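Here is what each chain is made of, one letter per residue.
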Number of protein chains: 2
Amino acid sequence: MRKDRTSLGKRLRVPVGEPVDLSAQDAAATPGGPDGKAAGKAATARIGERLAGLQERLWAASTAGDRRRVLLILQGMDTSGKGGTVKHVIGLLNPSGCRITAFRAPTAEERAHPFLWRVEKALPLPGELGIFDRSLPHSRLRSSGRCPHRGRPRGPSVRGLAPAAEIDRRYELINRFEKSLADDGVTLVKCFLHLSYEEQRRRLLKRLDRPEKRWKFAPSDIDDLALWPAYQEAYEIALERCGTAYAPWYLVPADHKWYRDWAVSTLLLERLRELDPRYPEPDFDVAECRKRLLRQP
Amino acid sequence: MRKDRTSLGKRLRVPVGEPVDLSAQDAAATPGGPDGKAAGKAATARIGERLAGLQERLWAASTAGDRRRVLLILQGMDTSGKGGTVKHVIGLLNPSGCRITAFRAPTAEERAHPFLWRVEKALPLPGELGIFDRSLPHSRLRSSGRCPHRGRPRGPSVRGLAPAAEIDRRYELINRFEKSLADDGVTLVKCFLHLSYEEQRRRLLKRLDRPEKRWKFAPSDIDDLALWPAYQEAYEIALERCGTAYAPWYLVPADHKWYRDWAVSTLLLERLRELDPRYPEPDFDVAECRKRLLRQP
């Protein structure tokens, strides 16, 4: 597979506590990846088999009291491939053990509750792999106006988002929340799918040009494209403020879909191998049960 | 694929209002199926691609207000392959659009609510495919003692189940509930995975003999095997009482795993093709949006 033995996690991890400049990151890069699309797809399929094996062991361990579970968080602009990643990476696993939630605009009931309420309800149980397609907090936390953290003026503000003080409060809550999850046995794998402006426009055009893809398009996508710099900066702040040692962000170049799938599956594989879940030992007498079973008529 | 043009649904549907005798049904049969295991697996993979396409259209239609959705209910003895069906059939679909629930022994909170409470919370939303691995109602409704519906004595009673009057009440509620779902756009696909006694014993033995499968085994499985006749009769009653024109049961011979997977995927395919979901027409001006998009720098 990869010749370089550096783990992909180390390569893609966003350094904690340092400023993030997305414009300096090449969205078409394929760091540590296989040699091109065909090799990438084949490698991802092979990784899928190993993931499925580890997933079964994680689940098996949970039946004997192991509380560990994994939460994959996918974040990124529209068309960055969050849904595609779920389809192509999570699609390789046993769907029974996957708890997938796509966070959309919050309902009236959700707005009436504290903002982490709906997130808590979507968490994976022991032995499960949870998947958040756009995390509520990180998506609603794009700031607007001048950014106090950076002290430099912002571009046009992003639509309908919380004011800066509220954002500060929420980032703090998110970090504390993620710490409590990590302490309780949740391995967080937070992937930011990093897309270039040009590739996003190309994908939006494709949605318009292919009749079977038009349902995915909304005219407001064009407004969002015009707000590109503001979104990028909002994401930079989220990556800076919510990347921690216990729940780091991984910056996944996402212009190449095959690389994105390979990278996310490899990140999951690396973390699951670290967890090294084991089939539990039987708490009954195997030989005795065997005899009883054979005595049945 | 199949030479015979009779739909599989017609072949496997349990006739409504007639007595069911499971012992007269060959669990190793492969009615209408491909010629053996290799052909069966290949056919299921091909069906999976068509299912995934229809699933996407069902989801796309829901974004334009189509409320239709599908609920696959898998019922059957332990080891009959409910989990395996989810893995091998639902695993062919986009996991984002699948809402899977495995009903286990009810929690204290669930017991405190009416018995359909937790079922209602697990229903698929418009555009989704819901999957119940063991339906709560049908699993808890195995009767015990003499069966008034049949007037003949029963074998040993099944553990911890509701008394006959309560069972009658629940069957009525289930049928009314399923009717209300059907009226609201839910296509119910209820599959009973029919396993033979010998095959169940073989599978339990395999769980004991393979260390990586022992975690799936519990000594109480042997007690359940001893209660085989009581379970069979309880299932017969459920199939008789809860099979309706709007929500029929399908009896799927399940001794051959490849046939079981092929049959469940074919039943889903037939129903989805009847639904014939369509991509919605765009409610915006495509040419205008194209122009606006290209005007972006």
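Keep in mind that what you see is a predicted model, and the values were worked out from it rather than measured.

So, how was this worked out
- Residues numbered from 1 in each chain as written.
- Chains lettered and ligands numbered in written order.
- Predicted model: local features only at pLDDT ≥ 70, side-chain atom pairs only at ≥ 80, totals over all residues.
- Heavy atoms only, no water.
- Salt bridge = Lys/Arg side-chain N within 4 Å of Asp/Glu carboxyl O.
- Helix = DSSP H or I, 4+ residues; strand = E, 2+ residues; numbered from the N terminus.
- Buried < 20%, exposed > 50% of the residue type's maximum accessible area, 1.4 Å probe, protein only.
- Contact = heavy atoms within 4.5 Å.
- Buried area = accessible area lost by both parts, 1.4 Å probe.
- Polar contact = N/O pair within 3.5 Å; in protein donor to acceptor, adjacent residues only side chain to side chain.
- Phe/Tyr/Trp six-rings, centres within 6.5 Å; stacked < 30°, edge-to-face > 60°.
- Lys NZ or Arg CZ within 6 Å of the ring centre and 35° of its normal.
- Axes fitted to C-alpha atoms, helices over the stretch in contact; angles between N-to-C directions.
- Parallel < 35°, antiparallel > 145°, perpendicular 65-115°, else oblique.
- Left-handed = near helix turned anticlockwise from the far one by under 90°.
- Disulfide = S-S within 2.5 Å.
- Least-squares fit on C-alpha atoms with pLDDT ≥ 70 in both.
- Nonpolar A, V, L, I, M, F, W, Y, C, P; charged D, E, K, R; others polar.

Trainee: Can you help me understand the pattern of salt bridges in this one?
Mentor: Pairing between side chains of opposite charge can happen when the charged atoms of each approach one another. Residue and element names in this part refer to chain A. Inspection of every chain in the model, using the stated rule, returns 42 salt bridges over all chains. The partner of Glu166 in a salt bridge is Arg170, with the nearest N and O atoms 2.8 Å apart. Of this pair, Glu166 and Arg170 both sit in helix H7 (residues 164-183), 4 residues apart, roughly one helical turn. Here Glu166 falls in the partly exposed class, since its relative accessible area comes to 22%. We note a salt bridge from Asp276 to Arg278, for which the minimum N-O separation is 2.8 Å. For Arg278, a relative accessible area of 54% translates into the label exposed. A network of salt bridges, in which partner residues are shared, links Arg57, Asp276 and Arg278.

Trainee: Just to check I follow, could you spell out the interface of chain A and chain B for this structure?
Mentor: The extent of an interface is frequently quoted as the accessible surface area lost upon association of the parts. Contact with chain A, which involves 40 residues of that partner, is made by 40 residues of chain B. A combined buried area of about 4,100 Å² lies between chain A and chain B, and 67% of that area is made up of carbon and sulfur atoms. On the surface where chain A and chain B come into contact, there are 4 salt bridges. For A:Arg290, the salt bridge identified is with B:Asp209, shortest N-O distance 2.7 Å. On the surface where chain A and chain B come into contact, there are 7 residue pairs in polar contact (both at pLDDT 80 or more). At the level of secondary structure, the elements contributing two or more residues to the side of chain A that touches chain B comprise helix H2 (37-62), helix H3 (82-88), helix H8 (197-209), helix H9 (220-226) and helix H12 (286-295) of chain A.

Trainee: What am I meant to see in the packing of aromatic side chains here?
Mentor: Remark: the centre distance and the inter-plane angle together describe each pair of aromatic rings, the angle taken between the planes. Residue and element names in this part refer to chain A. A full pass over the atoms with the stated rule returns 12 aromatic pairs over all chains. Both rings, one in Tyr259 and one in Trp262, keep their centres 5.6 Å apart while their planes meet at 40 degrees; by these two values the pair is tilted. With Tyr259 and Trp262 both in helix H11 (residues 257-275), this residue pair falls 3 residues apart, about one helical turn. Residue Tyr259 shares its accessibility class with Trp262, and that shared class is buried. An aromatic cluster of three or more residues is present, and its members are Trp258, Tyr259 and Trp262. A cation over a ring is seen here: Lys179 above Tyr246, with NZ or CZ 5.8 Å from the ring centre.

Trainee: Before we go on, may I ask you to explain the packing of H12(A) against helix H8 (residues 197-209) of chain B in this structure?
Mentor: The packing of two helices is summarised by the inter-axis angle and the distance between the axes. As a packed pair, H12(A) and H8(B) sit with axes 10 Å apart at the nearest point and diverge in direction by 165 degrees. Here H8(B) runs roughly antiparallel to H12(A), going by the angle between their axes. Judged by the twist between their axes, the crossing of H12(A) over H8(B) is left-handed. Side by side, H12(A) and H8(B) meet where A:Val286, A:Cys289, A:Arg290, A:Leu293 and A:Leu294 of the first sit next to B:Arg201, B:Leu204, B:Leu205, B:Leu208 and B:Asp209 of the second.

Trainee: Sorry, what's going on with the state of the cysteines here?
Mentor: Note on terminology: a disulfide is the covalent bond linking the sulfur atoms of two cysteines. Summed over all chains, the structure comprises 0 disulfides over all chains. With no disulfide of its own, A:Cys98 lies closest to B:Cys98 among cysteine sulfurs, the gap being 11 Å.

Trainee: For this particular structure, what's the right way to read the relation of the copies chain A and chain B?
Mentor: Between chain A and chain B, the superposition needs a rotation of 180 degrees and an axial shift of 0.0 Å, giving an RMSD of 0.0 Å. Given the turn and translation reported, the copies of this chain are related as if by a two-fold rotation axis. Take the interface residues of chain A: 100% of them recur as interface residues in chain B, which is what a same-surface contact looks like.

Trainee: What exactly am I supposed to notice about the packing of H2(A) against H11(A) here?
Mentor: All names here are of chain A. Packing of H2 against H11 brings their axes to within 9 Å, and their N-to-C directions diverge by 30 degrees. Overall, the two elements H2 and H11 adopt an arrangement that is roughly parallel. By crossing handedness, the relation of H2 to H11 is classed as left-handed. On the side of H2, the interface is formed by Lys37, Gly40, Lys41, Ala43, Thr44, Ile47, Arg50, Leu51, Leu54 and Leu58, while H11 contributes Trp258, Asp261, Trp262, Ser265, Thr266, Leu268, Leu269, Leu272, Arg273 and Leu275. Each residue belonging to the contact of H2 with H11 can be placed in one class, and the counts come to 11 nonpolar, 4 polar and 5 charged.

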